[in-house]
Amino acid sequence: MNFSEIVLALCFSVWAILTVLVHVPRLRKPIRTYDFFCLVPEWRFFAPTPAQHDVHLLYRDQYSDGTLTQWTEVAVGSPRPLWAFAFNVNKRATKGLIDVVGEFCRHLAEGVPRLEFSIAYLTFLNRISNLQRLAMPDRTQFMLLRTDHDGHRKDETVLYVSPFHDL
Amino acid sequence: MTLPHLTSELAFELTVRISMFSILLASTEYLPQRDQLRDDGLMSWDVNSARQRWYLAPGVEQALSAVLRYPNVLILLLARATLAGWVAFSPIPSSQQVVPVFILTALGASFSLRSAYGQDGADQMSWLFSVALSATLLVGTPGARLVFLLFMAAQAVLSYSAAGYAKLVAPKWRDGSYLPAIFRIEAYGHRGIAEALSKNPRLCKAAASGLLAWECGFPLVVVLPLPMALPFFLGGFVFHVAAAFTMGLNCFFWSFVATYPALYFVLQSRGF
């Protein structure tokens, strides 16, 4: 082995060791803090607690006369087509919403100050503020909803309702 | 039965080309759903550009915006798909594809700065592969390619075993009750399978036990003779094909199966 191959082998060894260590809960945060390019993978495949619910983003508007619209769901993605086993265009949007809601709920649980300046909050607000509407309302707000499926029954839980924001 | 012999060159070619196909697929899948990449989408650069303070540094902000702002990001994705397709199907050996692989990795790095929303384990494996391949091609020797194959094989073993042991601590994975719960959700679910599993707890437990045994037992491939390690490869094929058909996790198949030639070569090199 020449010098550059030894350096490469050392780098890959450290990388593989970090891949093991990042799965140790105590070491996860320090590794993640310095892993700017997300090079250290976390292999979970739905472990230890898989997603068992769907999440939904809804919004409602208020007009200048005080009228409130009904809560309306923001469509993210579409039902999975038959050919999704080969080419699945829908998964990015669906997973995207799951990720933003997950990040937002972690902020909520951790009591992050100034939640409304978080990227997750701004993502929701940006999305609902730019939706096409027939008439321009004065203010808008969003709600995050979780649907748990238990057999044929669907249980809905409100995760968060934002205050109104001027448009 | 004589098992096929894989040379290091062929193992390297297969690993690189299958991974590149996964990147080609992943990049093109963004394009029909490009609304999510727009400034008003879930993966808006307008919003995500405020994620890190250094993104807003003078010079950096303009440079990143030039590449990552919508619609410019579509050019990035198209370029990434084109380069991945070129390496995957090119007549030129992968070991000589230094420039396309470097550009592809740089594009991947840029895209990863944009937004982590919507990415999954298949993207994680493809990203790891791109960076490792770039470093390997930079060294450019047969020895470096052997180190790369060893690294990809190690990541294959780590991925399945880490996921298995993470599941093993959860009682609902052990008794199988998570399986119907996963298949009930709209995002990754399948109504028919969910109903079948809900009616048959024994099937759930058997399926979950099989999955746990396969994932947790995967490191055994390192010590088992090659013919006895092959059922673990077969388990991987079945797992990823099932995940693609029932959950729409299509890219997982390509990005993880791409590591199998590397793992097969490493196991074969032990001589037993």
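Quick caveat: nothing in here was measured; it's all calculated off a predicted structure.

Each value, and the rule that gives it
Residues numbered from 1 in each chain as written. Chains lettered and ligands numbered in written order. Predicted model: local features only at pLDDT ≥ 70, side-chain atom pairs only at ≥ 80, totals over all residues. Heavy atoms only, no water. Helix = DSSP H or I, 4+ residues; strand = E, 2+ residues; numbered from the N terminus. Rg over C-alpha atoms; globule rule 2.2 N^0.38 Å. Buried < 20%, exposed > 50% of the residue type's maximum accessible area, 1.4 Å probe, protein only. Contact = heavy atoms within 4.5 Å. Areas by Shrake-Rupley, 256 points an atom, 1.4 Å probe, with all protein chains shown as cover. Lys, Arg positive; Asp, Glu negative; His and termini not counted. Charge placed at Lys NZ, Arg CZ, Asp CG, Glu CD. Axes fitted to C-alpha atoms, helices over the stretch in contact; angles between N-to-C directions. Parallel < 35°, antiparallel > 145°, perpendicular 65-115°, else oblique. Nonpolar A, V, L, I, M, F, W, Y, C, P; charged D, E, K, R; others polar. Domains from an automatic or database assignment. Buried area = accessible area lost by both parts, 1.4 Å probe. Salt bridge = Lys/Arg side-chain N within 4 Å of Asp/Glu carboxyl O. Polar contact = N/O pair within 3.5 Å; in protein donor to acceptor, adjacent residues only side chain to side chain. Disulfide = S-S within 2.5 Å. Pairing = 2+ DSSP bridges. pLDDT = per-residue confidence, 0-100.

K.L.:
Explain the overall build of chain A here, please?
P.N.:
Each helix and strand counted, chain A has 4 helices and 5 strands in total. Going from N to C terminus, chain A has its helices and strands arranged as α-α-β-β-α-α-β-β-β. Relative to the globule expectation of 15 Å for 167 residues, the C-alpha radius of gyration of chain A, 21 Å, shows a markedly less compact shape. Its C-alpha atoms put chain A at 75 × 40 × 30 Å along the principal axes. For chain A, the proportion of its 167 residues judged to be buried stands at 41%. Relative to all contacts within chain A whose residues are 6 or more apart in sequence, the contacts with residues 24 or more apart total 47%.

K.L.:
What should I look at first to understand the overall build of chain B in this one?
P.N.:
Secondary structure summary: chain B contains 14 helices and 0 strands in total. Reading chain B from its N terminus to its C terminus gives the helix and strand order α-α-α-α-α-α-α-α-α-α-α-α-α-α. For chain B, whose C-alpha radius of gyration is 20 Å, the value lies close to the compact-globule estimate of 19 Å for 272 residues. By principal-axis analysis of the C-alpha atoms, chain B measures approximately 60 × 50 × 30 Å. Relative to its 272 residues, chain B shows a buried fraction of 56%. When the accessible surface of chain B is totalled, it reaches about 11200 Å², and 69% of it is carbon and sulfur. The averaged location of the 14 negative side-chain charges in chain B is 7 Å from the averaged location of its 18 positive side-chain charges.

K.L.:
Would you explain the packing of helix H3 (residues 60-68) of chain B against helix H5 (residues 98-114) of chain B in this entry?
P.N.:
Packed helices, taken two at a time, are described by their axes: the angle between them and the distance between them. Residues and elements named next belong to chain B. H5 packs onto H3 with a crossing angle of 100° between their chain directions and a minimal axis gap of 10 Å. The angle between the axes of H3 and H5 places the two elements in the roughly perpendicular class. Facing H3, whose interface residues are Leu-64, Val-67 and Leu-68, H5 presents Ser-110, Phe-111, Leu-113 and Arg-114. For the contact of H3 with H5, a count of residues per class yields 5 nonpolar, 1 polar and 1 charged.

K.L.:
Would you mind going over the domain arrangement of chain B with me for this structure?
P.N.:
Residues and elements named next belong to chain B. According to the domain assignment, chain B consists of domain 1 (8-119) and domain 2 (141-272). For domain 1 versus domain 2, the distance between C-alpha centres works out to 27 Å. Taken residue by residue, the interface counts 14 residues in domain 1 and 13 residues in domain 2. Summed over both partners, the interface of domain 1 with domain 2 comes to about 1200 Å²; 78% of that surface belongs to carbon and sulfur atoms. It is Phe-12, Thr-15 and Ile-18 that lose the most area in domain 1 upon contact with domain 2, and together they represent 39% of the buried surface on that side. Taken together, domain 1 and domain 2 are joined by 0 salt bridges. Scanning the region where domain 1 abuts domain 2 turns up 3 residue pairs in polar contact (both at pLDDT 80 or more). Partitioned by chemical class, the residues of the side of domain 1 that touches domain 2 number 8 nonpolar, 5 polar and 1 charged.

K.L.:
Quick question: what am I supposed to make of the domain arrangement of chain A here?
P.N.:
Accessible area lost upon the coming together of the parts is a frequently used measure of interface size. Assigned domains within chain A: domain 1 (1-49) and domain 2 (51-166). The C-alpha-based centres of domain 1 of chain A and domain 2 of chain A are spaced at 33 Å.

K.L.:
Help me understand the interface of chain A and chain B in this model?
P.N.:
Taken residue by residue, the interface counts 63 residues in chain A and 75 residues in chain B. Here chain A and chain B share an interface that buries about 6000 Å² over both sides, 65% of which is from carbon and sulfur atoms. The interface formed by chain A and chain B contains 3 salt bridges. Across the salt bridge formed by A:Lys91 and B:Glu29, the nearest N and O atoms sit 2.8 Å from each other. Put simply, chain A and chain B have 27 residue pairs in polar contact (both at pLDDT 80 or more) between them. Mapped by element, the contributors of at least two residues to the side of chain A that touches chain B are helix H1 (3-21), strand E1 (53-62), helix H3 (91-110), helix H4 (119-129) and strand E3 (139-150) of chain A. By residue number, the principal contributor to the side of chain A that touches chain B is H3(A), which donates 11 residues. Of the residues in the side of chain A that touches chain B, the class split is 32 nonpolar, 18 polar and 13 charged.

K.L.:
I keep staring at the side chain of A:His165 and nothing clicks. Help me out?
P.N.:
In this fold, A:His165 is placed in strand E5 (residues 165-166). Ignoring sequence-local partners within four residues, the contact set of A:His165 consists of A:Tyr121, A:Leu125, A:Asp138, A:Arg139 and A:Thr140.

K.L.:
Sorry if this is basic, but what is going on with the state of the cysteines here?
P.N.:
Two cysteines, two sulfur atoms, one covalent bond between them: this is a disulfide. By the definition in use, this model includes 0 disulfides over all chains. No disulfide involves A:Cys38; its nearest neighbouring cysteine sulfur is the one of B:Cys251, lying 18 Å away.

K.L.:
It is not clear to me how the pairing of E3(A) should be interpreted in this structure. Could you clarify?
P.N.:
All names here are of chain A. Counting buried positions over the 12 residues of E3 gives 9, a clear majority of the element. Looking at chain direction, E1 and E3 are connected through 10 bridges and run antiparallel. Looking across to E3, one finds that Val-55 is bridged to Arg-146. Here 2 bridges tie E3 to E5, and the two strands are oriented antiparallel to one another. Residue pairing in the sheet places Arg-139 in a bridge with Asp-166 of E5. Here E3 runs beside strand E4 (residues 153-161); their pairing, made up of 8 bridges, is antiparallel. Within the sheet, the bridge partner assigned to Leu-144 lies in E4 and is Tyr-160.

K.L.:
It is not clear to me how the confidence of the model for chain A should be interpreted in this structure. Could you clarify?
P.N.:
The predicted coordinates should not be examined in detail at positions where pLDDT is low. Summarising the model, chain A shows a mean pLDDT of 92, and 99% of its residues fall at 70 or more. At the level of individual helices and strands, chain A shows its lowest average pLDDT in E4(A), which scores 90, and its highest in H1(A), which scores 97.

K.L.:
Hey, could you run me through unusual backbone geometry in this one?
P.N.:
Negative phi is the rule for most residues except glycine; trans is the rule for most peptide bonds. Put simply, A:Ala47 and A:Pro48 share a cis peptide bond, and its omega is -10°. As for its placement among the helices and strands, A:Pro48 is situated in the loop between helix H2 (25-34) and E1. Cis geometry is found at the peptide bond from B:Tyr70 to B:Pro71, where omega equals 5°. The phi dihedral of A:Cys38 falls on the positive side, at around 50°, and the residue is not glycine. Position of A:Cys38 among the secondary structure elements: in the loop between H2 and E1. Judged by relative accessible area, which is 46%, A:Cys38 ranks as partly exposed.

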